[in-house]
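Residues per chain are reported as follows:
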Amino acid sequence: MENFTNTPKLSLLSIILVLFSLFSWRATSDSVHENFLHCLLNHSQPSHPISPAIFTPQNASFSSVLQSYIRNLRFNSTSTPKPFLILTALHESHVQVAVNCAREHGLQMKIRSGGHDYEGLSYVSEVPFFVLDMFNLRAVDVDIESNSAWVQTGAILGEVYYKIAEKSKTHGFPAGVCPTVGVGGHISGGGYGNLMRKYGVTVDNIIDARLVDANGRLLDRKSMGEDLFWAIRGGGGASFGVIIAYKINLVQVPEKVNAFLVRRTLEQNLTEIVDRWQHVAYILPEELFVRLTLDVVNKTVRGNFWGFYLGGSEKLLSIMNKSFPQLGLTQSDCVESSWIESVVFWAGFDSGTSTNILLNRTPALSFLKRKSDYVKKPIPIDGLEGIWKKMIELETTMLTFNPYGGRMAEIAASATAFPHRAGNLWMMQYLVNWNQSGSEAANFYLGLIRELYNHMTPFVSKNPRQAFLNYRDIDLGVNHNGNRSYLEGRVYGIKYFKGNFERLVKIKTKVDPE
């Protein structure tokens, strides 16, 4: 009886202590946040006041600012952890103040460029955090005379392409085909597009950068040193500082290019066509890029062959008829246009759509998951048939194959932090999208893409099973930034960076020892 009566007293005492600790933590937390806010206000330059760039949950615009660059609806729910503050930097000095104040008050900062981070890592955290949003820093300064441009990391790729085309019909830039992707994350993770077989990935065309380091210093390539400059080209910029801008090298494109989209199903000899694709796509002339996307339509697998060629249709047809006749490309399939118009075509817009669409920052949204792999040898016919069977079973999953070869096979794996070079036939992306909210739907579709990923194990790279940093995938591992930070980071780090991982660790340790 005595034990029975004492139990609730102990429980009540425990509850009181827990509640007290929670209230104390909340009070301490609020105090830290308040002090951080005062730090921002007190250290901003009078010529560039920071107050218009600060949004807290008490601000009526807070939710709209937060949601405006969330590109994956999985991370736009009421249960998603929210920042205690968003700083929409209006000047590079605001970035310096944010870094210094975050360090002084021990707060986590998330850096968001275009919000396309597949896992929401640029605006979600499990600990109290604030978001440094870069979308206001979006200047694109093109200098055709020097074949270069300074691009702030809050710009989107479509804006970069549009600004280049305003100045020249014979210049382009090797980066992604999705125009709403932000420059900051795309470039710092490696970046690629349909020019990569000719000019390499995006980071192969970066010649300078402006970065705020962990001590709040604004550095360029010369002052940051070659090690740090190497790291922010493919190593993920947010690990090493806040990149304000990249200086990009513009590349030559002809006044007229050709693009095509040819679709074939299993009933139209897709297996034979894909088998030929995997044997020739990586050895075609480097001016030609043929991407293959696979989806399921009407209970059959459909192959979508997206082509891009730096030249005329006559030469394109000659190459295809000689090397890839199985596809059956015809003159009527070829769409001749300027380079900037081909960007619109590859983005999936209807024929005749104005290039002004590239300035639109609002993409269609869905719930989504992505994964990646690298393929080093052709998949046997029976392997392809097994993939078709699995995709039809899963119904909604998709695959994208991006061919390597050309310039990609010539650049050393250690030239930049992006390591995936010679020896890869193609890079693969796994895709699944859905429109139903809730954890039940999420778990169902996440299960589908993971099942396809597991099915592909025999056909992809091994030891390590490589992955592409821009296609961030927390299934590969999570770093809790504690005493096991190196060991946790290494689990996925060697998949993303292969032999470059250890050098990245050394650079990180040097530039951000805390």
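Here the structure is a predicted model, which means the values were calculated and not measured.

Parameters and conventions
Residues numbered from 1 in each chain as written. Predicted model: local features only at pLDDT ≥ 70, side-chain atom pairs only at ≥ 80, totals over all residues. Heavy atoms only, no water. Helix = DSSP H or I, 4+ residues; strand = E, 2+ residues; numbered from the N terminus. Rg over C-alpha atoms; globule rule 2.2 N^0.38 Å. Buried < 20%, exposed > 50% of the residue type's maximum accessible area, 1.4 Å probe, protein only. Contact = heavy atoms within 4.5 Å. Lys, Arg positive; Asp, Glu negative; His and termini not counted. Charge placed at Lys NZ, Arg CZ, Asp CG, Glu CD. Core = buried A, V, L, I, M, F, W, Y, C linked by side-chain atoms within 4.5 Å. Pairing = 2+ DSSP bridges. Phe/Tyr/Trp six-rings, centres within 6.5 Å; stacked < 30°, edge-to-face > 60°. Lys NZ or Arg CZ within 6 Å of the ring centre and 35° of its normal. Bend = angle between axes of the 7 residues up to and from the residue. Axes fitted to C-alpha atoms, helices over the stretch in contact; angles between N-to-C directions.

Draft legend 1. Region of interest: the overall build of the chain. Helix and strand counts for the chain stand at 15 helices and 18 strands. What you see for the chain is a C-alpha radius of gyration of 25 Å, in line with the 24 Å of a compact globule of 514 residues. Principal-axis analysis of the C-alpha atoms places the extent of the chain at approximately 85 × 65 × 40 Å. When burial is assessed residue by residue, the chain has 53% of its 514 residues classed as buried. Intrachain contacts of the chain at a sequence separation of at least 6 include 73% that bridge at least 24 residues. If you average the places of the 51 positive and of the 46 negative side-chain charges in the chain, the two averages end up 3 Å apart.

Draft legend 2. Expanded view of the nonpolar core. Core analysis: the largest hydrophobic core is formed by 122 residues, its most contacted members being Ile232, Ile248 and Phe305. Considering each element in turn, this core owes the most residues, eight residues, to helix α13 (residues 439–455). Beyond its immediate sequence surroundings of up to four residues, Ile232 is in contact with Ile187, Ser188, Ala209, Leu211, Met224, Phe240, Ile243 and Tyr246. Membership of the second largest hydrophobic core comes to 26 residues, among which are Phe84, Leu85, Phe130 and Ala245.

Draft legend 3. Quick peek at the pairing of strand β2 (residues 85–88). The side-chain alternation of β2 yields two buried faces, one formed by Leu85 and Leu87 and the other by Ile86 and Thr88. Of the strand pairs in this sheet, β2 and strand β4 (residues 129–133) are connected by four bridges, and their pairing is parallel. Of the residues in β4, the one forming a bridge with Leu87 is Leu132.

Draft legend 4. Molecular detail of the packing of aromatic side chains. In the structure shown here, the tally under the stated rule is 25 aromatic pairs. Taking 5.1 Å as the distance between ring centres and 65 degrees as the angle between the ring planes, the aromatic pair formed by Trp277 and Trp426 counts as edge-to-face. Of this pair, Trp277 sits in helix α9 (residues 270–280) while Trp426 sits in strand β18 (residues 426–434); the two residues are 149 residues apart in sequence, bridging distant segments of the chain. Under the relative-accessibility criterion, Trp426 is labelled buried at 1%. Centre to centre, the rings of Tyr430 and Tyr453 are 5.3 Å apart; their planes meet at 65 degrees, and the pair counts as edge-to-face. Of this pair, Tyr430 sits in strand β18 while Tyr453 is found in helix α13, placing the two residues 23 residues apart along the sequence. Directly above the ring of Trp230 sits Arg503, whose terminal nitrogen or CZ lies 4.0 Å from the centroid.

Draft legend 5. Helix α14 (residues 485–497), seen in detail. Of all the bends in α14, the largest measures some 40 degrees and sits at Val491. Here the buried face of α14 lies against α15 (501–511). Directly after α14, the chain includes Lys498, whose backbone phi takes a positive value near 50 degrees.

Draft legend 6. Region of the structure containing the side chain of Ser44. Of note, Ser44 is situated in the loop between α1 (2–43) and β1 (54–55). A residue is classified by how much of its surface remains accessible, and Ser44, at 16% relative accessible area, is buried. Discounting residues that sit within four places of it in the chain, Ser44 has contacts with Pro49, Ile50 and Val97.

Draft legend 7. Inspection of unusual backbone geometry at higher detail. Each neighbour pair has its own omega, and for Asn463 with Pro464 the value is 5 degrees, a cis peptide bond. Within the fold, Pro464 resides in the loop between α13 and α14. A positive phi angle is found at Glu395, which is not glycine, with a value near 75 degrees. Here Glu395 is to be found in the loop between α12 (381–394) and β17 (398–403). Positive phi, close to 50 degrees, is recorded for Asn463, a residue that is not glycine. Tracing the chain through its elements places Asn463 in the loop between α13 and α14.

Draft legend 8. Structural context of the sheet that holds β1. If you walk across this open sheet you meet the four strands as β1-β2-β4-β3, and the pairing is mixed. A single partner strand is all that each edge strand has here, and the edge strands are β1 and β3 (108–112). Relative to β4, β3 runs parallel, the two sharing five bridges. Along β4, the bridge assignment pairs Arg112 with Asp133. Those strands touched by helix α3 (residues 92–105) are β2, β3 and β4, and its axis lies near 165 degrees from that of β4.

Draft legend 9. Broad picture of the sheet that holds strand β10 (residues 242–249). Taken in spatial order, the five strands line up as β5-β6-β10-β8-β9 in an open sheet, and their pairing is antiparallel. With one partner strand each, in any of the chains shown, β5 (140–143) and β9 (218–219) form the two edges of the open sheet. In terms of strand pairing, strand β8 (residues 206–212) meets β10 through six bridges, oriented antiparallel. Paired with Ala209 across the two strands is Tyr246, which belongs to β10. Along the sheet face, helix α4 (residues 157–167) touches β5, β6 (148–152) and β10 and points at about 35 degrees away from the line of β5.

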